[in-house]
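Residues per chain are reported as follows:
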Amino acid sequence: VRLVVAALWSLASVACFEAPLAVDVVTPVADAGFDQRRFLGGSTSVTIDLDGRASCDPQGEDLVDIAWSLVEGPERPALVDADRLRGGVVLSTPGEYLFALRVTTRAGGEVRESAPDYVSVRVLDGFGDDVVVRPPSTDACGRTLSLDP
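For clarity, every value in this text was computed on a predicted model and none was experimentally measured.

Definitions and cut-offs
Residues numbered from 1 in each chain as written. Predicted model: local features only at pLDDT ≥ 70, side-chain atom pairs only at ≥ 80, totals over all residues. Heavy atoms only, no water. Helix = DSSP H or I, 4+ residues; strand = E, 2+ residues; numbered from the N terminus. Buried < 20%, exposed > 50% of the residue type's maximum accessible area, 1.4 Å probe, protein only. Contact = heavy atoms within 4.5 Å. Areas by Shrake-Rupley, 256 points an atom, 1.4 Å probe, with all protein chains shown as cover. Pairing = 2+ DSSP bridges. Salt bridge = Lys/Arg side-chain N within 4 Å of Asp/Glu carboxyl O. Disulfide = S-S within 2.5 Å. Core = buried A, V, L, I, M, F, W, Y, C linked by side-chain atoms within 4.5 Å. Phe/Tyr/Trp six-rings, centres within 6.5 Å; stacked < 30°, edge-to-face > 60°.

Points about the overall build of the chain
Consideration 1: The number of helices and strands found in the chain is zero helices and ten strands.
Consideration 2: Across the chain, helices and strands are ordered from the amino to the carboxyl terminus as β-β-β-β-β-β-β-β-β-β.
Consideration 3: In the chain, which comprises 149 residues, the share counted as buried stands at 30%.
Consideration 4: Expressed as a percentage of contacts within the chain between residues at least 6 apart in sequence, the contacts between residues at least 24 apart total 64%.
Consideration 5: For the chain, the accessible area works out to roughly 9300 Å², and carbon and sulfur atoms hold 52% of it.

Considerations on the sheet that holds strand β6 (residues 79-80)
Consideration 1: If you trace the three strands from one edge of the open sheet to the other, you get β4-β7-β6, paired in antiparallel fashion. Two strands bound the open sheet, and with one partner strand each, they are β4 (46-51) and β6.
Consideration 2: Where β6 lies against strand β7 (residues 86-91), two bridges are found, and the strand directions are antiparallel. Bridge pairing in β7 links Leu-79 to Val-89.

Some remarks on the pattern of salt bridges
Consideration 1: Applying the stated rule across the entire model yields eight salt bridges.
Consideration 2: Across the salt bridge formed by Arg-112 and Asp-57, the nearest N and O atoms sit 3.4 Å from each other. Within this pair, whereas Arg-112 is found in strand β9 (residues 110-113), its partner Asp-57 is found in the loop between β4 and β5 (63-72), the two being separated by 55 residues in sequence.
Consideration 3: A relative accessible area of 5% places Arg-112 in the buried class.
Consideration 4: Across the salt bridge formed by Arg-106 and Asp-65, the nearest N and O atoms sit 3.2 Å from each other. One end of the pair, Arg-106, is in strand β8 (residues 95-107); the other, Asp-65, is in strand β5, and 41 residues separate them in sequence.
Consideration 5: Given a relative accessible area of 33%, Asp-65 falls into the partly exposed group.

Focus on the state of the cysteines
Consideration 1: Per the stated rule, a full pass over the model turns up one disulfide.
Consideration 2: Residue pairing for Cys-56: its cysteine sulfur links by disulfide to Cys-141, the two sulfurs lying 2.0 Å apart. Residues Cys-56 and Cys-141 are joined by a disulfide whose S-S torsion is about 90°; by sign, that bridge is right-handed. With Cys-56 in the loop between β4 and β5 and Cys-141 in the segment after β10 (117-124), this pair connects stretches of sequence that are 85 residues apart.
Consideration 3: Judged by its relative accessible area of 27%, Cys-141 is partly exposed.

Some remarks on the nonpolar core
Consideration 1: Core analysis: the largest hydrophobic core is formed by 18 residues, its most contacted members being Leu-91 and Phe-99.
Consideration 2: For this core, the leading source of residues is β8, giving four residues.
Consideration 3: With sequence-adjacent residues up to four places away left out, Leu-91 is seen in contact with Leu-40, Thr-44, Ser-45, Val-46, Ile-48, Glu-75, Pro-77, Tyr-97, Val-121 and Val-123.

Some points on the packing of aromatic side chains
Consideration 1: For the structure shown, the criterion picks out one aromatic pair.
Consideration 2: Judged by centre distance (6.4 Å) and plane angle (15°), the rings of Tyr-97 and Phe-99 are stacked. Phe-99 matches Tyr-97 in its accessibility class, with the two residues each being buried.

Right, dumping it as structure tokens:
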């Protein structure tokens, strides 16, 4: 952007200022869902559903790349469908796990990646009430979701 300033009394006094134009880049929004607490309940493992269906792009672009990853935890299990909004993992070791979700869009040849969003999963020995919250009815951009099981 160029701004030209001239004094009214003298056209000989002309100053030019150049500055880069700041453009807000809108990135997609990852939503890894709600934290969970699960009990092994006498089993040797528990299946955890990872649900990122509330992720979106504010400009309405399709999410083209989805990536779930394990950030930390007492074991390194293989994630199932780690490239889909609904992924999962089987955990057998009690402890705290942290999973991250990133989503990416491509608009006009430009790749835009979200900041990561995290979900915490606590796996406990024994029996108890699992805490798994139902996904929201709107996505992170405020649009209504139809969440089929």
